[in-house]
Amino acid sequence: MPDPLERLADALSDRYKIERELGSGGMATVYLAEDLKHHRKVAVKVLRPELAAALGPDRFLREIEIAASLTHPHILPVYDSGEAEAFLYYVMPYVEGESLRDRLNREKQLPIDDALLIAREVAEALESAHRHDVIHRDIKPENILLQEGHAMVADFGIARALDVVGGTKLTETGVALGTPAYMSPEQGAGSGELDGRSDIYSLGCVLYEMLGGQPPFTGVTVESILNQHMMADATPVTQLRPTVPAEVVGVLGRMLAKAAADRFSSGKQLAAALSGATRTAASTAAPARRTRTYAAVAFFAIIGAVALLSQFVGGANPASADEPVGILVKPFDLLGAEEDAYLAEGMAEEIRDRLTRVAALQVFGRQTAVYAKEANWTERQIGEEIGAEYVLDGTVRVQRNAGGDDRMRVNATLVRTDDGSLAWSQTYNESVADLLATQADIAEQAVDGLQIVLGESEREFLTARPTADATAYEHYMRGNLLWDFVYVGSERWKQIAEQYERAVALDPEFAEAHARFSMASSVLYFMGRGQDPTQERLATAREAAQRALELEPGLTAGHLALAVFYTYGEADYDRALPEALLAVAEQPGNTLALNYLAAIQRRRGEWVEAAATFAKAADLEPQSVALQYNAGDTYTYMRQYDEAQRYYDRLIALESPLGYSWQAQLHVLRHGDVASARQILEGAPDDILDFPGWLATITDRYGSFTR
């Protein structure tokens, strides 16, 4: 009689090539296999025969299908499931990593920031599952897989099926639902009515073990362990590890509360608490930087940035209880030779950048300004379409003189969008060499026209002159304009880097040019990584960022340059985060900084924060395809479909094929209805969407969904 492995291999030979056993447990055996259709490695999990008999194929497959509908970055998805020759199985991705149990066996106690990151990612996965009424019931280190340092929660499928069957049938198989060391008091007591707070308790046990090196309760018998969960207080984790911060201890204590009502009410709430605890732990452990004085400044700036970020991502103006004033800075019109276009466009861009430092302003981004100009929107239309209350516009005429001393005439106007009335206007007849002074004066006078009271640091920023070299500044402006609408992978990055390199060569004290040169160099390194010459590019990126901050400590662009360096150069998101936070704290309306911050947060698994930051950037740049997509994509992963819909609607309004494709995929995710996705795609203009290709993609990805 063939052994079970041979029987299984024969039963699944039309779809999977079983290669070897990966491991077995009390409920199932896991095999490594090749998916013959998609040519990928998968893990096939086969239930124990007695458990399969207790469940029955119909119940098992029905409940697995519910579990398979869970989609989240930290939930191991279910690819397939079925019955074959009395085997009940389901198929998951093969994770080339290890389980948390493997890591704990090796290290016993994890670094505090690693433990908090894993716990936060599991909490986010639980939030997603609980919103769909799926309780895991067996959160433990064995069911948390680690891939490149990030957590993936496995076995929602079995847990859901066992949860439904329960009772006598499971008892007869000898399989216990849950693991005693990680069971909540109510689960150990046999309560049939469990909710997500039971999983939160189990995760608390896992976090305790990651920090302390052992579960909170141990014993010789199952009964002893369960009684302790219900009656005893765990040994304070600080007795096992004195370095655990007090805020972490507080979060852990609430997770392990005996009464479910005293715990965090949701995975989302828990994830937010863990995120705050992570920042506290990171701040207290932050290494010294440059000098003792500057280290203290940086520490308190990070704390301030965190506090500020928590306000602005929620929509509040950090400087005032009043709503910020919305302003759009349109690209200035050039009245003259096209070769001077950089000067007119660059002037508006520089003024816009300076205004983002003013806390009382909501400054809409360049892409939206360009869109409004190209669409010939009136001031009233601008107010109606994006909510801006003022429009700053201008014209520039340049007169080039043979003997030098080139002149420019600049007319700037500030107009109210509600009635088109003029709030402020000024004409400047200046030397082109005085461009920086003119830009600074326009920004300052416009703010005064809005009757906004500036803080000392805000006024200094508005009137600052980053360089005294007019030619160096010209190269800097050209680099900034080339940067717009460019994507990672574009050959234009070489031109961008060259412009900034020329700027710093002409003025080695030009801090902002060093910072921009660093960012461009980091992107170029990322584009060409693996090639020997790019190592020099990486060193250049690091040195330029450090030089920028040496010249001007606290420079927004300098901190952003370090964030980009750590992201693209070293993939070190823990070091990138505080730099991005500092950049955003300095300029809350800087959409470039917001976009990088959100990307870093997302890579760290901070999905709630990333979504809010992407949304902030997308709302400041409602005509940016990339930002609308980033926000919608992030909300989709979080299954917050109403929020995602808002940004996909904008994509469709911008006639982006991404809008139609993601609208269709969103409809399938929400309703499991491929037919409606077809209708959405059929409504897309033929000239911007390859309908058959997108439909094939959606059908292949979601064809198994049913309403």
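As the structure is a prediction and not an experimental result, all values here were calculated from the model.

A.B. asks: Honestly, the overall build of the protein in this entry has me stumped. Any pointers?
C.D. replies: The helix and strand tally for the protein stands at 32 helices and 14 strands. In the protein, which comprises 707 residues, the proportion classed as buried is 53%. Long-range pairs, those at least 24 residues apart, make up 63% of the contacts in the protein between residues at least 6 apart in sequence. In the structure as shown, the protein presents an accessible area of about 30,300 Å², 48% of it carried by carbon and sulfur atoms.

A.B. asks: I would appreciate a short explanation of the side chain of N630 in the present structure.
C.D. replies: By the element assignment, N630 lies in helix α28 (residues 625-637). Polar contacts involving the side chain of N630 include one to the side chain of N595, which spans 3.3 Å. Look past the residues within four positions of N630 in its chain and what remains in contact with it is N595, R602 and F614.

A.B. asks: What exactly am I supposed to notice about the sheet that holds strand β1 (residues 16-24) here?
C.D. replies: Within a sheet, neighbouring strands are paired by backbone hydrogen bonds and run either parallel or antiparallel to one another. A sheet is described by the order of its strands in space; here 5 strands give the open sequence β1-β2-β3-β5-β4, paired in antiparallel fashion. Each having just a single partner strand, β1 and β4 (80-84) make up the two edges of the open sheet. Taken pair by pair, the neighbouring strands of this sheet meet at an average axis angle of 30°, ignoring direction. Judged from the 5 bridges that link them, strand β3 (residues 40-47) and strand β5 (residues 87-93) form a sheet pairing that is antiparallel. Its bridge partner being in β5, V46 is matched across the sheet by Y89.

A.B. asks: Please clarify how the pattern of salt bridges should be interpreted in this entry.
C.D. replies: Oppositely charged side chains may form a pair once their charged atoms are brought near each other. On inspection of all chains with the given rule, the structure shows 32 salt bridges. A salt bridge links K41 to E19, with the nearest nitrogen and oxygen atoms 2.5 Å apart. Taken together, the positions of K41 in strand β3 and E19 in strand β1 put the pair 22 residues apart, joining distant regions of the chain. On the basis of relative accessible area, K41 is assigned to the partly exposed category, the value being 39%. In this structure E19 comes out as partly exposed when scored by relative accessible area, which is 35%. As a salt-bridge pair, R103 and E107 come within 3.0 Å of each other at their nearest N and O atoms. Placement of the pair is R103 and E107 together in helix α4 (residues 100-107), with a separation of 4 residues, close to one helical turn. When its relative accessible area of 33% is taken as the criterion, E107 is described as partly exposed. Each of the salt bridges in this network shares a partner with another, and the network as a whole consists of E98, R103, R106, E107 and D114.

A.B. asks: Please explain the nonpolar core as it appears in this structure.
C.D. replies: It is characteristic of soluble globular proteins that their nonpolar side chains tend to be buried jointly. Ranked by internal contacts, the top residues of the largest apolar core, which has 105 residues, are I327, L343, M347, L355, L361, L392 and I442. Not counting the four nearest positions on each side in its chain, L392 is found in contact with I327, L328, V329, K330, F332, I351, L355, T413, L414, W424, I442 and A446. Core analysis: the second largest hydrophobic core is formed by 47 residues, A129, I139, A151 and L274 among them.

A.B. asks: Before we go on, may I ask you to explain the side chain of S521 in this structure?
C.D. replies: Position of S521 among the secondary structure elements: in helix α22 (residues 511-527). Look at S521 and you get buried, because its relative accessible area is 0%. Setting aside chain neighbours within four positions, we find S521 in contact with R537, T540 and A541.

A.B. asks: It is not clear to me how the sheet that holds strand β7 (residues 144-147) should be interpreted in this structure. Could you clarify?
C.D. replies: Strands sit in the order β6-β7-β8 across an open sheet of 3 strands; the sheet is antiparallel. Both edges of this open sheet fall to β6 (98-99) and β8 (150-153), since each of them pairs with a single strand only. Pairing between β7 and β8: 4 bridges, direction antiparallel. In the strand pairing of β8, Q147 is matched with H150.

A.B. asks: Is there a simple way to explain helix α24 (residues 556-569) in this structure?
C.D. replies: Owing to its 3.6 residues per turn, the α-helix aligns residues three or four sequence positions apart on the same side. Its 14 residues place the ends of α24 19 Å apart at the C-alpha level, agreeing with the 20 Å of an ideal helix rising 1.5 Å per residue. α24 sits mainly inside the fold: 14 of its 14 residues count as buried. With its phi angle positive at about 50°, A571 sits one or two positions after the end of α24.

A.B. asks: Where do I start with unusual backbone geometry in this structure?
C.D. replies: Only a minority of non-glycine residues have a phi that is not negative, and only a minority of peptide bonds are not trans. You will see that H39, though not glycine, has its phi angle at about 55°, which is positive. When its relative accessible area of 63% is taken as the criterion, H39 is described as exposed. Of note, K108 is a non-glycine position whose phi angle comes to about 70°, a positive value. Mapped onto the elements, K108 comes out in the loop between α4 and α5 (112-131).

A.B. asks: Please explain the confidence of the model for the protein as it appears in this structure.
C.D. replies: Predicted coordinates in areas of low pLDDT are best not read in detail. Residues of the protein with pLDDT of at least 70 account for 83%, and the chain-wide mean is 80. For the protein, the element scoring lowest by mean pLDDT is helix α14 (residues 292-312), at 31; helix α9 (residues 196-212) scores highest, at 96. Overall, residues 167-176 carries pLDDT values under 50, and its contacts beyond four positions in sequence, including any with other chains, amount to 12 contacts. For the stretch residues 283-321, pLDDT sits under 50, and the model shows 48 contacts to residues farther than four places along the chain or on other chains.

Quick notes on the rules
- Residues numbered from 1 in each chain as written.
- Predicted model: local features only at pLDDT ≥ 70, side-chain atom pairs only at ≥ 80, totals over all residues.
- Heavy atoms only, no water.
- Helix = DSSP H or I, 4+ residues; strand = E, 2+ residues; numbered from the N terminus.
- Buried < 20%, exposed > 50% of the residue type's maximum accessible area, 1.4 Å probe, protein only.
- Contact = heavy atoms within 4.5 Å.
- Areas by Shrake-Rupley, 256 points an atom, 1.4 Å probe, with all protein chains shown as cover.
- Polar contact = N/O pair within 3.5 Å; in protein donor to acceptor, adjacent residues only side chain to side chain.
- Pairing = 2+ DSSP bridges.
- Axes fitted to C-alpha atoms, helices over the stretch in contact; angles between N-to-C directions.
- Salt bridge = Lys/Arg side-chain N within 4 Å of Asp/Glu carboxyl O.
- Core = buried A, V, L, I, M, F, W, Y, C linked by side-chain atoms within 4.5 Å.
- Expected span 1.5 Å × (residues − 1).
- pLDDT = per-residue confidence, 0-100.

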